[in-house]
Amino acid sequence: MKGGVSIERRAVLRVLGGAGGAALAMGLGACSPSLSSDARKVRIPISDLPVGVRVRVVYAGHPVEVLRTAEGVTARSLLCTHMGCEVRWSQGTETYNCPCHGGVYGAGGVVVAGPPSHALRSEPVRIQGDAVVLGG
Ligand code: FES
């Protein structure tokens, strides 16, 4: 299934239809990005991913952060590896913090404190033409 959405600042909109539905939220900027998805992939126009802006995408029911840098693009699951709470990025400490049991992950997703025993999971992502493609 394919579909597009318009996004407003701090808004989370769900692409309609199917388990592969996706949503996207941006914490910064006044962009109106759009994305499309099918059951296995989320495509985000690269013009909607400013360098250095962390974008939260919900893909197949799981929150994922997509970050474009000068070197490329990364995608990281935001599910804490301890018991699955959603971690939040703190710009002040440059860590991902888990609100449930105090898990703390560094900027690269590795555990720096608390009960998690594994790093945040990286998700497959690539730049394909004028879009960032998340998923298989
Ligand atoms: S669920 Fe994150 S520290 Fe327990």
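What counts, and at which threshold
- Residues numbered from 1 in each chain as written.
- Predicted model: local features only at pLDDT ≥ 70, side-chain atom pairs only at ≥ 80, totals over all residues.
- Heavy atoms only, no water.
- Helix = DSSP H or I, 4+ residues; strand = E, 2+ residues; numbered from the N terminus.
- Buried < 20%, exposed > 50% of the residue type's maximum accessible area, 1.4 Å probe, protein only.
- Phe/Tyr/Trp six-rings, centres within 6.5 Å; stacked < 30°, edge-to-face > 60°.
- Lys NZ or Arg CZ within 6 Å of the ring centre and 35° of its normal.
- Salt bridge = Lys/Arg side-chain N within 4 Å of Asp/Glu carboxyl O.
- Core = buried A, V, L, I, M, F, W, Y, C linked by side-chain atoms within 4.5 Å.
- Contact = heavy atoms within 4.5 Å.
- Pairing = 2+ DSSP bridges.

Draft legend 1. Structural context of the overall build of the chain. From N to C terminus, the chain includes 0 helices and 13 strands. Written out in order from the N terminus, the α and β elements of the chain read β-β-β-β-β-β-β-β-β-β-β-β-β. Put simply, the chain has 136 residues, and 39% of those count as buried.

Draft legend 2. Molecular detail of the packing of aromatic side chains. According to the stated counting rule, one finds 1 aromatic pair in the structure shown. One residue, arginine 54, lies across the ring of tryptophan 89, its end atom 3.6 Å from the ring centre.

Draft legend 3. Here's a closer look at the pattern of salt bridges. One pass over the full model with this rule turns up 3 salt bridges. Its salt-bridge partner being arginine 56, residue glutamate 86 comes within 2.7 Å of it at the nearest N-O pair. Of this pair, glutamate 86 sits in the loop between strand E7 (72-77) and strand E8 (88-90) while arginine 56 sits in strand E5 (residues 54-59), and the two are 30 residues apart along the sequence.

Draft legend 4. Quick peek at the nonpolar core. Core analysis: the biggest nonpolar cluster contains 13 residues, and Val42, Leu49, Val57, Val66 and Leu134 have the highest contact counts within it. Top element by residues in this core is E5. It accounts for 3 residues. Excluding residues within four positions of it along the chain, leucine 49 makes contact with Ile44, Val55, Val66, Arg68 and Val132. Core analysis: the second largest hydrophobic core is formed by 7 residues, Leu78, Cys80, Tyr96 and Cys98 among them.

Draft legend 5. Representation of the sheet that holds strand E11 (residues 111-113) within the structure. With respect to topology, 4 strands assemble into an open sheet ordered E8-E9-E10-E11, the strand pairing being antiparallel. Single-partner strands in this sheet number two, and they are E8 and E11. Relative to strand E10 (residues 104-105), strand E9 (residues 95-97) runs antiparallel, the two sharing 2 bridges. Looking at E10, one finds that asparagine 97 is bridged to valine 104.

Draft legend 6. Local environment of the pairing of E7. Taking burial as the measure, the 6 residues of E7 include 5 buried ones, the bulk of the element. In the sheet, strand E6 (residues 62-69) pairs with E7 via 6 bridges, with the strands oriented antiparallel. When the bridges of E7 are listed, valine 66 appears paired with alanine 75. Between E6 and E7, which follow one another and run antiparallel, lie 2 residues.

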